[in-house]
There are 4 protein chains.
Amino acid sequence: MSRTSRDVVDLGTLIVQGDDRQGIVAAVSSLLAKYGANIVSLDQHSTDPAGGRFFQRTTFHLEDLPAQIPSLSDELDNVLGMLGQSYRLTEARKPKRVAIMVSKTDHCLLDLLWRQRRGEIHMNVGMVIANHPDLGDDVRGFGIPFIHIPVNRASRAQAEAEQLKLLTDNVDLVVLARYMQILSGDFLQQVGVPVINIHHSFLPAFIGAGPYQKAKDRGVKLIGATAHYVTEDLDEGPIIEQDVVRVSHVETAAELQRRGADVERQVLSRAVAWHCEDRVIRDGNQTVVF
Amino acid sequence: MSRTSRDVVDLGTLIVQGDDRQGIVAAVSSLLAKYGANIVSLDQHSTDPAGGRFFQRTTFHLEDLPAQIPSLSDELDNVLGMLGQSYRLTEARKPKRVAIMVSKTDHCLLDLLWRQRRGEIHMNVGMVIANHPDLGDDVRGFGIPFIHIPVNRASRAQAEAEQLKLLTDNVDLVVLARYMQILSGDFLQQVGVPVINIHHSFLPAFIGAGPYQKAKDRGVKLIGATAHYVTEDLDEGPIIEQDVVRVSHVETAAELQRRGADVERQVLSRAVAWHCEDRVIRDGNQTVVF
Amino acid sequence: MSRTSRDVVDLGTLIVQGDDRQGIVAAVSSLLAKYGANIVSLDQHSTDPAGGRFFQRTTFHLEDLPAQIPSLSDELDNVLGMLGQSYRLTEARKPKRVAIMVSKTDHCLLDLLWRQRRGEIHMNVGMVIANHPDLGDDVRGFGIPFIHIPVNRASRAQAEAEQLKLLTDNVDLVVLARYMQILSGDFLQQVGVPVINIHHSFLPAFIGAGPYQKAKDRGVKLIGATAHYVTEDLDEGPIIEQDVVRVSHVETAAELQRRGADVERQVLSRAVAWHCEDRVIRDGNQTVVF
Amino acid sequence: MSRTSRDVVDLGTLIVQGDDRQGIVAAVSSLLAKYGANIVSLDQHSTDPAGGRFFQRTTFHLEDLPAQIPSLSDELDNVLGMLGQSYRLTEARKPKRVAIMVSKTDHCLLDLLWRQRRGEIHMNVGMVIANHPDLGDDVRGFGIPFIHIPVNRASRAQAEAEQLKLLTDNVDLVVLARYMQILSGDFLQQVGVPVINIHHSFLPAFIGAGPYQKAKDRGVKLIGATAHYVTEDLDEGPIIEQDVVRVSHVETAAELQRRGADVERQVLSRAVAWHCEDRVIRDGNQTVVF
């Protein structure tokens, strides 16, 4: 998956999805050809040869793209509307605006901020919101605002209102980088952008709290982590990425947690990077990752 | 984990386990030294620095081992009894006597038989028992008896009686190589030897039937397999080995099943090989694998 | 990578490659749309956004495909000729005709034959040619002709002539499944079909003979295997697939060889399966694997 | 591999190595038993059942360890001297004193410093020496001295003298965390402590400079990294740890480098952590990692 092309000013990404039918690829590629666009990459997936759902991600180079977008969008509305497809057209040069929410542990947060600094994840982290003050220095050291909003059972509604005030219209994505609080259904509806969470187990094994102790008790030989979109059903949202690491009888639960932290940060960073490149398409409770 | 040493006639394996206390390693190694044995490998594990459980596996070379075993056992009884440890002493040259139970699918069965033939698993498969006749030719091609004992809900008790008659005193291990029947608690008690099963998922995810369809529905990004000792609690026995393979939105449930079959046969073969080398020690519902 | 679709009678695979230029995707998909074909999957790769090489693999469903192929080919000649692209059009229902060449070790051979029997690799193995007689019973047990052609330094030219007589016009692919002989440049030219080899190391590490001993001597912590197309430069042909397994100081060279055998059979089987689904495109000394 | 036990004040680690002979395990464990020590873990390896080299790592808990060390050492001198073994006895509570040398890239450096801060690697990084000034702010943000010593062909000898002045008697380990300079044989001799380097390829593949471009040109399907002790033979020192990540035709050489950076930092961090726990024993040009 080429991640360099985003540097090109005139690079566009077109996501198309809908019920599968003949001629979608031809319609899109012909329209792009008409505009003189060069297709740089094209990924396509149908869930079934007949009667399934259709997904396509196309990146293309088109001279003077920003100026052409209005006209291109009009034609896509028309062409894809007739084919019953919805679409999303983005400019690769525009990074996603991201807020990260954390509690006290630093491993996922630092990995994300460091990758942003290296240019590995195409995002601008505009703020870090935390329910504990511990990570303030680290975040501000990257030149990023850190906002401490304490949360307890009584204050949750008010805390979420504060969070929403900061987030609304300001971000394209919220990342929960080991934010140890459950967000309400109201929050998820009002925030209006995708929320990605890292769960510290290989879902659906060890749903809920304390997965490393549960893994130790069960005597598993691999432990894992899962990045998923957050839905109202805890730990049940569409999975973006998972990975595991081998363990044995030797590790204590505390050591499993340390080993797991390495997997967590990698899985979350990959999921966020792919999301920010418009590689992840939701398909009900599953994802297509191109 | 050296697997060559089993060829040596005078190689012994000593498993010691019990509540942890000082001096066990010294007692065992001094006793072996007294006999003139050379320790070839020694693995030791304590579940806790203080007050935990103790496990030790020692392989040693002792001139004329078969003749020395009675006397050595007497001394071990004495020394380890005082230390509150139980032990198991085996001669590496003696392969485990194994029965494999199967239904219709061949992948786990063939992998075990191939590896036996190549000398990779130190076992003698004395019989294959199947509830379907399909795999008879394959098994007999290896020169191994294949016994077809049909099973249905009504006949289960009788079938188990037939199986037990074949197994009792004849085998050291029963391997369920995708045997799609549940064995009764009575059977497990009467068979009197360990039973290893391969479950076609990464336990504890997707317990029970149809794990590949469940995995597809949940949209996981890795699928796995688990080899475990069989207990009366289905899919809850001590895990010996697990592994996973990466999948994506592309695979259908049928393709997940095919990818999974590769993981199943490897995981089961590894678990059986380790068991046959006395590398696996049960610790309640967990295992120590040296 | 869906492997079920090959069962469909009217499924075609079109491979296009050449210097990258605008409009290739559109031209192909429009032509297919004109015929009423439904694109089932489409993979595309350009080595460079500008001035690179272009590769596309399209699978499509077209009613009455066999009858339409002549006309479709004519139009492809025309359209792709103008765009400077070469192409290859195959019917998914036709399995590749394969010859396997072996020496004495069975692990790669058995894995291939067994996967063919299970329908996992879309090929017909028409013959197995061996320079030793050892594996005859195994091969004939699968109902496949086994031809023993001894080879020594003096007889190599004559042996190759015999082999060529068997292979010419009869196979689409030759697989060297641990065939421990070097094929001459003459043979490779005359055989006229691709030849896939499994090398028992992670190339380019440990080129040449005795890689497991070399790996042991160097003290590596992973060992691997490499499937590649055979060219006149030994161990230098385009790599199709590679994989590794973790090892440690414990394993002897003989044990590394046994561990490596597992990797070899998997890597070779994957490479052959992908080749037989027309997923592998050669690009100079590299491959594109869709 | 338990990493918690180092917190215990009275925990000792004893490394024994030499030519294999009978009775070493018994002698060591009896001596420890005599002192009332409790063996917490014991790993043992013989390169050959007969006439090989012997390695043992024992961790033990001994009341009032610091006070007992002189007497225990005397007895070890005596007992192990008679058995022809050398030994190393360390207190687990004492972290290794480490200097890190870097050039401009931050990924390995930051991973080490993060892990030190989280208590994952049992070391005290006393200084970071760099031939470029770029990483000064990052390092000083951790409260660690950063010393910039420019190096060019003409100034190398003088630079090494400066480095040696800083390092001598002050550190137990030097880590080259992508330090893009070759250290002279003189330096290695005079520094008097082990030096660990991270090589950005799966050695012995792609020895020397530019491994990612070489990997791209060769079309490999996996790329890796290797942590090894530095010897005078560039890229030929004993390997401590290696790992790989899967790549494909899609990645450019620049993207391989980015993917590889993730592997590099993990491999180096693991190697340094293991070294700091006295888990790595050199055996000629190989290592035993317990």
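Scoring rules and cut-offs
- Residues numbered from 1 in each chain as written.
- Chains lettered and ligands numbered in written order.
- Predicted model: local features only at pLDDT ≥ 70, side-chain atom pairs only at ≥ 80, totals over all residues.
- Heavy atoms only, no water.
- UniProt positions renumbered as here; feature names shortened; annotations may be inferred.
- Helix = DSSP H or I, 4+ residues; strand = E, 2+ residues; numbered from the N terminus.
- Least-squares fit on C-alpha atoms with pLDDT ≥ 70 in both.
- Contact = heavy atoms within 4.5 Å.
- Polar contact = N/O pair within 3.5 Å; in protein donor to acceptor, adjacent residues only side chain to side chain.
- Salt bridge = Lys/Arg side-chain N within 4 Å of Asp/Glu carboxyl O.
- Buried < 20%, exposed > 50% of the residue type's maximum accessible area, 1.4 Å probe, protein only.
- Domains from an automatic or database assignment.
- Buried area = accessible area lost by both parts, 1.4 Å probe.
- Pairing = 2+ DSSP bridges.
- Axes fitted to C-alpha atoms, helices over the stretch in contact; angles between N-to-C directions.

Asker: Got a minute to help me understand the UniProt feature "domain: ACT" (unreviewed entry) in chain A in this structure?
Answerer: As recorded in UniProt, the feature "domain: ACT" (unreviewed entry) lies at residues 13-100 of chain A. Between the first and last C-alpha atoms of residues 13-100 of chain A the distance is 25 Å; the span itself is 33% helix and 42% strand.

Asker: How do you make sense of the relation of the copies chain B and chain D when you look at a structure like this?
Answerer: One copy of the chain maps onto the other through a rotation about an axis plus a displacement along that axis. Under the fitted operation, chain B is carried onto chain D by 0.0 Å of movement along the axis and a turn of 180°, and the coordinates agree to an RMSD of 0.0 Å. A rotation of that kind, with that shift, is consistent with a two-fold axis. Comparing contact sets, 100% of the residues at the interface of chain B also lie at the interface in chain D, consistent with an isologous, same-surface contact.

Asker: What exactly am I supposed to notice about the UniProt feature "active site" (unreviewed entry) in chain A here?
Answerer: In the numbering used here, UniProt assigns the feature "active site" (unreviewed entry) to Asp-235 of chain A. Positionally, Asp-235 of chain A belongs in the loop between β10 (222-229) and β11 (239-246). In contact with Asp-235 of chain A, other than residues within four places in its own chain, are His-199, Leu-203, Ile-207, Gly-208 and His-228 of chain A together with Arg-218 of chain B. A polar side-chain atom of Asp-235 of chain A sits 3.3 Å from a polar atom in the side chain of His-199 of chain A.

Asker: Whenever I open this one, the pattern of salt bridges confuses me. Can you help?
Answerer: Pairing is possible between side chains that carry opposite charge, provided their charged atoms lie close to one another. Scanning the model with the defined rule gives 100 salt bridges over all chains in all. We note a salt bridge from Glu-120 of chain A to Arg-115 of chain A, for which the minimum N-O separation is 2.8 Å. This pair shows no difference in class: Glu-120 of chain A is buried, exactly as Arg-115 of chain A is. Across the salt bridge formed by Arg-270 of chain C and Glu-241 of chain C, the nearest N and O atoms sit 2.3 Å from each other.

Asker: Before we go on, may I ask you to explain the domain arrangement of chain A in this structure?
Answerer: Often the size quoted for an interface is simply the accessible area lost on bringing the parts together. Residue and element names in this part refer to chain A. Along its sequence, chain A is organised into domain 1 (5-91) and domain 2 (96-289). Relative placement of domain 1 and domain 2: their C-alpha centres are 31 Å apart. Between domain 1 and domain 2, the residue contacts involve eleven residues of the former and twelve residues of the latter. With both chains or domains summed, domain 1 and domain 2 bury close to 990 Å², and 45% of this area falls on carbon and sulfur atoms. Viewed at the interface, domain 2 and domain 1 are joined by two salt bridges. Put simply, Asp-283 and Arg-53 hold a salt bridge, and the shortest N to O gap is 2.5 Å. Linking domain 1 with domain 2 are six residue pairs in polar contact (both at pLDDT 80 or more), by the criterion used here.

Asker: How should the sheet that holds strand β11 (residues 239-246) of chain D be read in this particular structure?
Answerer: Strands pair in a sheet through their backbones, by hydrogen bonds, and they do so in one of two ways: parallel or antiparallel. Residue and element names in this part refer to chain D. Taken in spatial order, the seven strands make up an open sheet running β7-β6-β5-β8-β9-β10-β11, and their pairing is mixed. Because the sheet does not close on itself, it has two edges, and the strands there are β7 (146-148) and β11. Taking the axes of each pair of neighbouring strands and ignoring which way they run, one obtains an average angle of 20° across the sheet. Note that strand β10 (residues 222-229) and β11 share seven bridges and pair antiparallel. Among the inter-strand pairings, Ala-227 is bridged to a residue of β11, identified as Glu-241. Its contacts with the sheet place helix α8 (residues 253-276) against β5 (96-102), β6 (123-130), β8 (173-176), β9 (195-199), β10 and β11, and it is angled at close to 150° to β11.

Asker: What is the right way to look at the relation of the copies chain D and chain C in this model?
Answerer: Once chain D is rotated about the relating axis by 180° and shifted along it by 0.1 Å, it coincides with chain C to within an RMSD of 0.1 Å. Taken together, the interface assignments show that 100% of the residues at the interface of chain D recur at the interface of chain C, consistent with an identical surface on both copies.

Asker: How should I be thinking about the interface of chain D and chain C in this particular structure?
Answerer: With 32 residues of chain D at the interface, the matching set in chain C holds 32 residues. In this assembly, chain D packs against chain C so that about 2,700 Å² is buried in total across both faces, 54% of it on carbon and sulfur atoms. Taken as a group, Arg-218, Lys-221 and His-249 of chain D account for 27% of the area that chain D buries against chain C, more than any other trio of residues on that side. Here chain D is connected to chain C by six salt bridges. Residue Asp-243 of chain D is joined to Arg-246 of chain C by a salt bridge in which the shortest nitrogen-to-oxygen separation is 3.6 Å. For the pair chain D and chain C, the number of links is 20 residue pairs in polar contact (both at pLDDT 80 or more).

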